[in-house]
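# Reading the structure
Each chain, letter by letter, is given below.
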4 protein chains.
Amino acid sequence: MIIVMKPGAPEEEIEAIRARIRALGLEDLHMPGSERVVLGALGDERVLETLNLRANPFVEDVKPILAPYKSVSREFKVYDTVVRVGAAEIGGDAFVVAAGPPAIESAEQIRAVAEAAKAAGASVLRGGVYLSPLSRFDPEGRGPEALEELLRAGAETGLPVAAEALARAQMEELGGRVQAIVIGEQNMRNFVLLDAAANAQKESGAAILLQRGAAATVEEFLLAAEHVLDAGAPDVALVERGVRGFGAAGQHLDLGAVPFIKQRSHLPVLVDPSAGAGRADFVAPMALAACACGADGVLLDVHPAPKTALAGGERALDVAGFNRLMAALAPIAAAVGRSL
Amino acid sequence: MIIVMKPGAPEEEIEAIRARIRALGLEDLHMPGSERVVLGALGDERVLETLNLRANPFVEDVKPILAPYKSVSREFKVYDTVVRVGAAEIGGDAFVVAAGPPAIESAEQIRAVAEAAKAAGASVLRGGVYLSPLSRFDPEGRGPEALEELLRAGAETGLPVAAEALARAQMEELGGRVQAIVIGEQNMRNFVLLDAAANAQKESGAAILLQRGAAATVEEFLLAAEHVLDAGAPDVALVERGVRGFGAAGQHLDLGAVPFIKQRSHLPVLVDPSAGAGRADFVAPMALAACACGADGVLLDVHPAPKTALAGGERALDVAGFNRLMAALAPIAAAVGRSL
Amino acid sequence: MIIVMKPGAPEEEIEAIRARIRALGLEDLHMPGSERVVLGALGDERVLETLNLRANPFVEDVKPILAPYKSVSREFKVYDTVVRVGAAEIGGDAFVVAAGPPAIESAEQIRAVAEAAKAAGASVLRGGVYLSPLSRFDPEGRGPEALEELLRAGAETGLPVAAEALARAQMEELGGRVQAIVIGEQNMRNFVLLDAAANAQKESGAAILLQRGAAATVEEFLLAAEHVLDAGAPDVALVERGVRGFGAAGQHLDLGAVPFIKQRSHLPVLVDPSAGAGRADFVAPMALAACACGADGVLLDVHPAPKTALAGGERALDVAGFNRLMAALAPIAAAVGRSL
Amino acid sequence: MIIVMKPGAPEEEIEAIRARIRALGLEDLHMPGSERVVLGALGDERVLETLNLRANPFVEDVKPILAPYKSVSREFKVYDTVVRVGAAEIGGDAFVVAAGPPAIESAEQIRAVAEAAKAAGASVLRGGVYLSPLSRFDPEGRGPEALEELLRAGAETGLPVAAEALARAQMEELGGRVQAIVIGEQNMRNFVLLDAAANAQKESGAAILLQRGAAATVEEFLLAAEHVLDAGAPDVALVERGVRGFGAAGQHLDLGAVPFIKQRSHLPVLVDPSAGAGRADFVAPMALAACACGADGVLLDVHPAPKTALAGGERALDVAGFNRLMAALAPIAAAVGRSL
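Below, the structure is looked at part by part. (Residues numbered from 1 in each chain as written. Chains lettered and ligands numbered in written order. Predicted model: local features only at pLDDT ≥ 70, side-chain atom pairs only at ≥ 80, totals over all residues. Heavy atoms only, no water.)

### Some words on the overall build of chain A
Scanning chain A from terminus to terminus reveals 11 helices and 16 strands. If you line up chain A on its principal axes, its C-alpha atoms span 75 × 40 × 40 Å. Considering chain A as a whole, with its 340 residues, one finds that 62% of them fall into the buried category. Sequence-distant contacts in chain A: of pairs separated by 6 or more residues, those separated by 24 or more amount to 68%. (Helix = DSSP H or I, 4+ residues; strand = E, 2+ residues; numbered from the N terminus. Buried < 20%, exposed > 50% of the residue type's maximum accessible area, 1.4 Å probe, protein only. Contact = heavy atoms within 4.5 Å.)

### Points about the sheet that holds strand E8 (residues 124–126) of chain B
Sheet strands pair by backbone hydrogen bonding; their relative direction is either parallel or antiparallel. All names here are of chain B. In space, the eight strands of this closed barrel follow the order E7-E8-E9-E10-E11-E12-E15-E16, with parallel pairing throughout. In this sheet, adjacent strand axes meet at a mean angle of 25° when their direction is disregarded. Here two bridges tie E8 to strand E9 (residues 161–164), and the two strands are oriented parallel to one another. In the sheet register, Arg126 faces E9, and the bridge partner there is Ala162. Strand contacts of helix H6 (residues 191–204): strand E10 (180–183) and strand E11 (207–211), with the helix running at about 155° to E11, the strand carrying the most contacts. Strands E11 and strand E12 (236–240) of the sheet are contacted by helix H7 (residues 218–230), whose axis makes an angle of about 160° with E12. (Pairing = 2+ DSSP bridges. Axes fitted to C-alpha atoms, helices over the stretch in contact; angles between N-to-C directions.)

### With respect to the interface of chain D and chain C
Counting from both sides, the interface comprises 46 residues of chain D and, opposite them, 46 residues of chain C. Contact between chain D and chain C buries roughly 4,100 Å² in total, counting both sides, with carbon and sulfur atoms accounting for 50%. In this structure, the salt-bridge partner of Glu220 of chain D is Arg244 of chain C, at a minimum N-O distance of 2.5 Å. Put simply, chain D and chain C have 14 residue pairs in polar contact (both at pLDDT 80 or more) between them. Secondary structure elements with two or more residues in the side of chain D that touches chain C: helix H1 (11–23), helix H2 (45–49), strand E4 (59–63), helix H5 (168–175), helix H6 (191–204) and helix H7 (218–230) of chain D. Taken together, the residues of the side of chain D that touches chain C break down into 18 nonpolar, 10 polar and 18 charged. (Buried area = accessible area lost by both parts, 1.4 Å probe. Salt bridge = Lys/Arg side-chain N within 4 Å of Asp/Glu carboxyl O. Polar contact = N/O pair within 3.5 Å; in protein donor to acceptor, adjacent residues only side chain to side chain. Nonpolar A, V, L, I, M, F, W, Y, C, P; charged D, E, K, R; others polar.)

### Side note on the relation of the copies chain A and chain B
Of the transformation superimposing chain A on chain B, the axial component is 0.0 Å and the angular component is 180°, with the fit at an RMSD of 0.0 Å. Such a combination of rotation and displacement between the chain copies is what one expects of a two-fold axis. Residue Ala215 of chain A, judged by its C-alpha, is the member of chain A lying nearest the rotation axis, at 2.4 Å. The fraction of interface residues of chain A whose copies in chain B are also interface residues reaches 100%, indicating that both copies meet through the same surface. (Least-squares fit on C-alpha atoms with pLDDT ≥ 70 in both.)

### Section: the packing of helix H7 (residues 218–230) of chain A against helix H8 (residues 257–264) of chain A
A pair of packed helices can be characterised by two numbers: the angle between their axes and the separation between those axes. All names here are of chain A. The N-to-C vectors of H7 and H8 enclose an angle of 50°; their axes lie 11 Å apart at closest approach. It follows from the interaxial angle that H7 and H8 lie oblique. When the axes of H7 and H8 are compared, the crossing they make is right-handed. On the side of H7, the interface is formed by Val218, Phe221 and Leu222, while H8 contributes Ala257, Phe260 and Ile261. In terms of residue class, the contact of H7 with H8 is made up of six nonpolar, no polar and no charged. (Parallel < 35°, antiparallel > 145°, perpendicular 65-115°, else oblique. Left-handed = near helix turned anticlockwise from the far one by under 90°.)

### Some thoughts on the relation of the copies chain D and chain C
With an axial shift of 0.0 Å and an RMSD of 0.0 Å, the rotation relating chain D to chain C amounts to 180°. Here 100% of the contact residues of chain D are again contact residues in chain C; the copies associate through an equivalent surface.

### Focus on the packing of aromatic side chains
Counting across every chain of the model gives four aromatic pairs over all chains. Sitting above the plane of the Phe246 of chain D ring, Arg244 of chain A keeps its charged end 5.7 Å from the centroid. (Phe/Tyr/Trp six-rings, centres within 6.5 Å; stacked < 30°, edge-to-face > 60°. Lys NZ or Arg CZ within 6 Å of the ring centre and 35° of its normal.)

### Observations concerning the nonpolar core
Ranked by internal contacts, the top residues of the largest apolar core, which has 167 residues, are Leu210, Leu255 and Phe322 of chain A together with Leu210, Leu255 and Phe322 of chain C. Not counting residues up to four positions away in its chain, the partners in contact with Phe322 of chain C are Val97, Ala99, Ala116, Ala117, Ala120, Ala122, Leu300, Val302 and Leu317 of chain C. If you look at the next biggest cluster of nonpolar residues, it comprises 166 residues, including Ile110, Leu193 and Ala200 of chain B together with Ala122 of chain D. (Core = buried A, V, L, I, M, F, W, Y, C linked by side-chain atoms within 4.5 Å.)

### Concerning the interface of chain A and chain B
With 47 residues of chain A at the contact, the number on the chain B side is 47 residues. Carbon and sulfur atoms make up 50% of the area that chain A and chain B hide from each other, which totals about 4,100 Å². The interface formed by chain A and chain B contains eight salt bridges. The partner of Glu13 of chain A in a salt bridge is Lys307 of chain B, with the nearest N and O atoms 2.9 Å apart. Counting across the chain A and chain B interface gives 15 residue pairs in polar contact (both at pLDDT 80 or more). For the side of chain A that touches chain B, the secondary structure elements donating two or more residues are helix H1 (11–23), helix H2 (45–49), strand E4 (59–63), helix H5 (168–175), helix H6 (191–204) and H7 of chain A. In terms of residue class, the side of chain A that touches chain B is built from 18 nonpolar, 11 polar and 18 charged.

### Quick word on the sheet that holds strand E1 (residues 2–5) of chain B
Residues and elements named next belong to chain B. Reading across from one edge, E2-E3-E1-E4 is the order of the four strands in this open sheet, with antiparallel pairing throughout. Of all strands in the sheet, those bounded by a partner on one side alone are strand E2 (27–32) and strand E4 (59–63). Pairwise comparison of adjacent strand axes, ignoring direction, gives a mean angle of 15° for this sheet.

### With respect to the side chain of His266 of chain D
Take His266 of chain D: it is sitting in the loop between helix H8 (257–264) and strand E15 (269–271). At 2.8 Å, the side chain of His266 of chain D and the backbone oxygen of Ser71 of chain D are in polar contact.

### Re the pairing of strand E7 (residues 96–100) of chain D
Remember that side chains alternate between the two faces of the sheet whenever the strand is regular. Residues and elements named next belong to chain D. Counting buried positions over the five residues of E7 gives five, a clear majority of the element. Taking every second residue as pointing to the same face, both faces of E7 are buried, with Val96, Ala98 and Gly100 on one and Val97 and Ala99 on the other. By the bridge criterion, five bridges tie E7 to strand E16 (residues 297–301) in an arrangement that is parallel. Looking at the pairing, Gly100 lines up with Asp301 of E16.

### Overview of H6 of chain D
Residue and element names in this part refer to chain D. A rise of 1.5 Å per residue sets the reference length of H6, with its 14 residues, at 20 Å; its end C-alpha atoms lie 20 Å apart and thus fit the reference within 8%. For H6, the set of buried residues is Phe191, Leu193, Leu194, Ala196, Ala197, Ala198, Ala200 and Gln201. On its buried face, H6 sits against H5, strand E10 (180–183), strand E11 (207–211) and H7. Backbone geometry just after H6 places Gly205 at a positive phi near 80°. (Expected span 1.5 Å × (residues − 1).)

### Structural notes on the environment of Gly43 of chain C
Residues and elements named next belong to chain C. Relative to the elements of secondary structure, Gly43 occurs in the loop between strand E3 (37–42) and helix H2 (45–48). Taking the relative accessible area as the measure of exposure, Gly43 reaches 33% and is therefore partly exposed. With 19 residues separating them along the chain, Gly43 and Leu24 place their C-alpha atoms 9.5 Å apart. What Gly43 contacts, discounting residues up to four positions off in sequence, is Leu26 and Leu66.

### Comments concerning the pattern of salt bridges
Residue and element names in this part refer to chain A. In total, this model carries 92 salt bridges over all chains according to the counting rule given. Across the salt bridge formed by Arg84 and Glu89, the nearest N and O atoms sit 3.3 Å from each other. Judged by its relative accessible area of 35%, Glu89 is partly exposed. Because the salt bridges share partners, they merge into one network encompassing Glu15, Arg18, Arg22 and Asp28.

### Quick word on helix H5 (residues 168–175) of chain B
Buried within H5 of chain B we find Gln170, Met171, Leu174 and Gly175 of chain B. Buried residues of H5 of chain B, viewed axially, fall in a sector of 140°; they line one side. In this structure, the buried residues of H5 of chain B make contact with H6 of chain A together with helix H4 (144–157), E9, E10 and H6 of chain B. (Arc of directions from axis to C-beta.)

### Here's the deal with the state of the cysteines
Using the criterion set out here, one finds zero disulfides over all chains in the structure. No disulfide involves Cys291 of chain C; its nearest neighbouring cysteine sulfur is the one of Cys293 of chain C, lying 8.7 Å away. (Disulfide = S-S within 2.5 Å.)

### Points about the pairing of strand E3 (residues 37–42) of chain A
Residue and element names in this part refer to chain A. Most of E3 sits inside the fold, with six of its six residues counted as buried. Side-chain alternation along E3 places Val37, Leu39 and Ala41 on one buried face and Val38, Gly40 and Leu42 on a second face that is also buried. Both strand E1 (residues 2–5) and E3 contribute to a ladder of three bridges, which runs antiparallel. Bridging across to E3, Ile2 finds its partner in Gly40. In sequence, strand E2 (residues 27–32) turns back onto E3 through a hairpin of four residues.

### Things to note about the packing of helix H5 (residues 168–175) of chain C against helix H6 (residues 191–204) of chain C
All names here are of chain C. With their axes 9 Å apart at the nearest point, H5 and H6 run at an angle of 15° to one another. What the angle tells us is that H5 and H6 run roughly parallel. Here H5 runs over H6; the crossing is right-handed. Contact residues: Arg168, Met171 and Gly175 in H5; Val192, Leu193, Ala196, Ala197, Ala200 and Ser204 in H6.

The following block contains the structure:
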C-alpha cells in the first residue's frame with residue numbers, strides 16, 4: 001500500500017503512521033520527495049485497510065498495490081476451479097449452456113423448454129421460480145409450485161436445475177432441492193443472502209452462480225465472491241450480465257470482464273446474454289462472442305412462445321431460435337478448443 | 001404507449017396487437033407511415049406492459065408515453081408529502097440534518113456525536129448499527145448492542161434516531177424502536193426488504209429513508225418507492241447518494257435528481273453527501289449545494305475522531321468540521337427560504 | 001413524434017402546437033387523456049425537431065418515434081454497404097484485419113510490421129502518423145516523414161494503408177495518399193473534420209473509418225456517420241472502440257453495438273480491441289469475440305517490440321502474439337461463414 | 001510510480017527495469033514480497049511514463065503516485081488564478097454570470113439579451129456564433145455576421161463577450177475580437193484547437209474557457225488544461241458541463257468536480273447548468289447549487305423567446321426566469337462570501 005501525504009504534512013504525523021504500520025507487523029517504507037512524502041507498507045493490504053488511513057486529513061491518497069481479494073485469486077490457487085452442477089462441469093472442457101424460461105408459468109411450459117434444452121444439447125435447466133419485480137404490475141414468480149414443476153422437468157429430462165433465490169427463506173427452500181442457486185445482480189452485495197447461499201452449499205452441495213451487480217466493478221465482483229468462498233463455499237461461478245451504461249439496451253454486456261477475471265481468478269465465468277443484450281434479436285451474437293472470448297458457458301432465456309410470456313418475453317429465444325443458436329455455437333466452441 | 005412496428009410487419013400481426021389493446025379496455029390508435037406502421041394505446045401503461053409487446057418479433061420498439069409510476073407522482077398527489085421522524089419534518093419548512101457515525105462503536109462515541117448534533121442544530125441522530133461490508137476485513141456492525149446505545153443517546157438528547165436494516169430480521173428488530181429505517185442503495189430493489197419496511201411502518205409508524213441504487217435511474221428509484229407506497233407505507237423520503245460513474249470518487253452525486261424528483265413526485269428528497277462525495281474534504285460543499293438546489297435535508301457522517309474510526313472515517317466529518325458546516329448551511333437555507 | 005403536454009396545459013397552447021405541426025405539412029394527432037393531453041405528429045421527425053417543442057414550458061416530454069437518421073438506415077438502403085480499402089472489402093465476405101503500430105517510429109519498424117501483417121493474412125496496413133497526446137510528454141507523431149514510410153511499406157508489401165488525421169490540414173495531406181482515413185473517437189462530432197474527410201473521399205476515393213466517441217450513444221454515432229454520408233461520402237465504416245465506463249480498463253468495449261448497428265444500418269462495422277481492451281493481454285479474446293458477434297473486421301495495434309514502443313506499447317501485440325491471434329481467428333471466421 | 005510485477009517475473013527482467021529507472025536519473029525502490037516483487041521509482045512520473053512499463057508482459061500493473069499534471073496544480077502555484085474577461089474577474093471575489101443565447105439569431109435578439117444581462121447584473125455576454133450540429137437539420141450558426149452582432153451588443157452594454165470556436169479558422173477569426181474564447185466539450189482533447197486557442201491568447205489576451213469532455217475524468221480535464229498552460233496561455237477557466245451517464249437528462253452535472261478541482265488546481269471553475277441540466281426547468285436549482293459548492297461562476301443560456309429559439313430553446317431561460325435566478329443567486333453568493 002502506498003500512502004501519499006499532502007504537501008506540508010507534519011513530521012510527527014508521518015512518524016505516527018509509520019509506527020502504526022510497523023505495529024501491525026508490516027514493513028514500512030519512507031520515500032521523501034521534493035514536494036511531498038510518500039510512504040509504503042508491505043504486507044497484507046486488507047489488514048492495512050483497518051488503519052483507515054484515508055481518514056487522516058494529512059493523507060492525500062492511499063493506493064493499494066495488491067488486489068484486495070485473496071481466496072479467489074490465481075496466486076492463491078493456480079488451477080481453474082471446476083464447479084459441478086449435477087453432471088455439468090462449469091470451467092471444464094465443455095462450454096456449458098443453461099437454458100430456461102424467465103418465469104416458470106406451468107408444468108407444460110417448463111417441460112417443453114426442458115425437452116428442447118435436452119434435445120439441443122444444453123446441460124442445465126434454469127427457470128424463474130421467484131422473480132424480482134420492478135413494479136407491482138410485474139409478476140413475482142409462482143414460488144413453491146414453480147419449484148416443483150422445475151424439479152419434475154429436470155428429473156424427467158435428466159438435467160440438473162438452477163433457480164434464483166431473492167431472500168433467505170427462499171434460499172432455504174431451494175437449498176436441498178436444486179443443483180445450482182443463482183444470486184441475482186441486485187443481491188451481489190447482500191451479504192445476508194450470500195451467507196445463506198454458502199450455508200446451502202455446505203449442507204447440500206448446490207453450486208452458486210453469482211451475478212455481477214449492475215453498478216459493480218470487476219474488483220467489487222471478485223470481493224463478493226471472496227465473501228462466499230471465505231464463508232466456506234468454494235463452488236462459485238461468476239456471471240457477467242451487463243452493467244449500467246448508455247448502450248442501446250441501457251446497459252453494456254462487459255465481455256472484457258471475461259478475460260480479465262480469467263487472468264486474475266481461478267473461478268469459472270458464465271455470461272448471461274439474455275439479460276445483457278436485453279432483446280432476443282441480440283442474444284445469439286452475444287452468446288457467440290461470450291464463447292469466443294473464453295467464457296465457460298452461457299445462461300439463456302428460452303420460452304416456447306415469447307410473445308405470450310408472463311415476464312422477460314422480449315429477451316427470450318423461442319425454441320427455433322435457441323436451436324439455431326446451439327448450432328451456431330458448436331463450431332465457435334470447437335474453434336476455442338471446447339466441446340458443447 | 002407507442003408501438004413502432006418493423007418495416008414489413010404483416011397486416012394480421014398489426015390487427016392482432018390492436019385487438020389485444022382493445023381487449024384490455026384501452027383505446028387504440030393506428031398511424032400508418034410511408035415506411036412502417038406506428039400504433040398507439042391510450043390508458044394505464046402499466047396494464048399495457050402486461051401485453052409484453054417487446055417480445056413480438058415484428059415490433060421494433062415500444063415507447064411509454066406516461067411515467068410508469070403513479071402513487072408517487074405529482075399528478076396523483078399535488079401537495080408535498082411531509083415525512084415525520086419524531087419531531088423532525090422532512091419536506092416541511094425546515095432543512096433537516098441527520099448526523100451520526102458510520103459505525104456505532106461505543107456508548108461514549110454515539111453520545112458524543114449525539115450531543116454535538118443536538119448542539120449544532122441537527123434534528124435526527126443516525127448511526128450504523130448494521131454495516132454492509134465489502135470484504136471480510138470490514139466490520140459488520142455491533143447490532144443489538146449498538147442499537148441500545150443509539151436509542152439511549154437519542155433519548156438523552158431528545159433526538160429521534162435512524163438506522164439501516166440490511167435484512168428482514170434486522171428490520172423486525174429495528175421496527176418498533178427507531179423513528180426512521182434506512183434502506184441502503186444495494187437494497188433498493190430488494191422487494192423482500194421493502195415489504196418488511198412497509199410492514200414495520202404500518203406497525204410502528206417508522207419513516208422509511210430509501211436510498212437510490214448506484215446503478216438506478218431516477219425512474220427506477222421512483223418505482224421502488226412506488227412499491228413501498230403501494231404496500232401501504234406512505235411515509236417515504238428518497239435519498240440521493242451517488243451513482244456509479246467515472247468521477248473523482250468513482251461515483252457522481254447526482255444533484256440533478258433533486259429538482260427532477262421534486263417536479264415529478266410529491267415525496268421529499270434527502271441527499272447523503274458523505275456517501276456521494278466519498279471523502280470528508282468534499283462533504284461540506286456538496287451539502288451546501290444540496291440545500292441550494294432544493295433538497296429537504298442531508299444525512300451526514302460525523303465522528304468524534306475520524307482518524308480512528310472503525311469504518312467510513314475517510315468520509316466522516318469531525319465535530320469541528322460538522323459545526324463549521326452547520327454554520328455555513330444556515331445562510332444557504334435562509335436564502336432558499338428554509339429554516340435549519 | 002409524440003408530444004406529452006403537462007397536466008393543465010391551456011387549450012390555446014395545445015391548438016397552437018397542432019397548427020404548427022400542420023403548417024409543416026405533417027399530420028397531427030390529438031389524444032386527450034384523463035390527466036393530460038398527448039399530441040402526435042406523423043412525418044419526418046427531423047423536420048419536426050425544428051419546431052423546438054421541448055422549449056415550450058407546457059410540454060413535459062417529446063418522444064421521437066422514428067430514428068433521427070435516414071441515409072445510414074437499413075430502410076433507406078436494404079443491402080449491406082461494402083467499403084473498399086484498396087483490394088480489401090469491409091462488409092464483404094472476408095473478415096478484414098488492419099494491423100500496424102500505434103506510432104510509426106522508423107522505416108524499419110513499419111516495414112517489419114507490414115511484412116508480418118502481410119505474412120499472417122492481414123489485408124490493410126495501419127499506422128500512427130499523427131497521434132493524439134494526452135499530455136505534453138506524449139509523442140505527437142512524426143507526421144510527413146512517417147507518412148512516407150507508411151506508404152513505402154504499403155507499396156512494398158502490396159497492402160493498402162490507413163492513417164488518422166486529427167485536423168483539416170492533416171486530412172488534406174493524407175487525402176490523396178492513403179486508402180483509408182481514420183477519424184478518431186475524440187473527433188466523432190468534429191464536423192469541420194468530418195466535412196474535410198468527406199471532401200477527401202470525393203476527391204481521392206479514400207474510405208473513411210469513423211470511430212465512436214467514448215461518450216457517444218450508438219444513435220449519436222449513427223448521426224455522425226449520417227453527416228458524412230449527407231456530405232457526399234458514402235464509403236464509411238463504423239469503428240466501435242470502447243465507451244467510458246467503470247470496467248477494468250476504465251472503459252467498456254461495447255460489442256453489443258455490433259449487432260445493434262447491423263440491424264439498424266447498412267454500414268459495415270469494425271472493432272478496435274486494442275483501444276477497447278487497453279492492454280495487450282486482452283486483445284486476442286476481444287478480437288475473437290468481435291468476429292463471433294458479426295463485426296466485419298478488426299483494427300489491431302502490432303509492434304515488433306512493444307516494450308520499447310514510443311506509444312501504445314501496453315496494448316500492442318508483438319509479432320508472435322499477432323500470429324497466434326490470426327491463427328485463432330481463422331476457425332472463428334469460418335464458424336460465422338467468413339473467410340479471413 | 002509503483003510497478004507491480006507479475007508472480008514469477010524473472011530476476012533479469014526486474015533488474016533491467018531498475019536499471020532503466022536509474023538511467024533516467026531517478027531513484028529506484030525494490031520491494032520483494034511473498035508472492036511478487038513490487039518496484040518503485042521516485043521522481044517526475046511524466047518522465048517515467050516514457051519507459052512504457054505497462055508494455056512489459058511481466059508487469060501486472062503500473063500505479064502512478066503523483067498527479068500527472070504539474071502546471072495546473074496547487075503545488076506549482078499556491079494562489080488562485082484570476083482570469084480576466086474584460087472587467088470581469090473569474091476566480092476573484094465576485095461570482096461571475098455569463099449569459100446569452102444558444103444561437104445568435106439577429107442583432108435585435110442579442111441586444112435584447114445583452115440588455116437583460118446587463119440589467120440583471122451579469123458581467124459577461126456570451127452567444128452562439130458557431131454551433132456544433134448533431135444532425136444536418138441542426139443550425140450551424142451564422143458565423144461572422146453573428147460575431148459582429150455579438151460585438152456590437154457587447155459594446156453597447158459595456159459587457160465583455162465570449163464565444164465558442166470549433167475549428168482553427170474560427171479561432172483566428174474570434175481571436176482578436178472577443179474577450180473570452182470557449183472550447184466546447186467535444187474539443188477538450190483537440191490539441192490542434194487548444195494550440196490555436198493558446199496562440200490567440202498570446203496575441204490578443206483573450207481568456208480561454210475550457211469545457212470538460214463528456215467522457216473525460218477530472219484528471220483528463222486537468223491534463224487538457226495543462227496542455228494550454230504549457231503552450232504559453234495561463235488564463236484558463238475550467239467549465240464543468242456534465243458527463244455522460246444515466247441521469248434524467250442522459251448526463252450528470254458533476255458538481256463534485258468543483259471542490260475536487262479547487263483542491264488540486266489553482267485554476268478557476270465555472271459551471272454550465274444549461275448544458276448540464278438539459279432542460280430550462282432545472283437550470284436555476286443547478287446554478288444555485290454551483291454557487292453554493294464553490295464554483296466561480298456560471299454560463300447561462302438566456303433567450304428572449306425560448307419557444308421560438310433556433311437552437312437550445314429547451315434549456316434556455318427566458319428573461320423573466322433569468323431575472324428570478326439572478327435574484328435567487330444573490331443571497332446564495334452572499335452566504336458563501338461572494339458578491340454577484
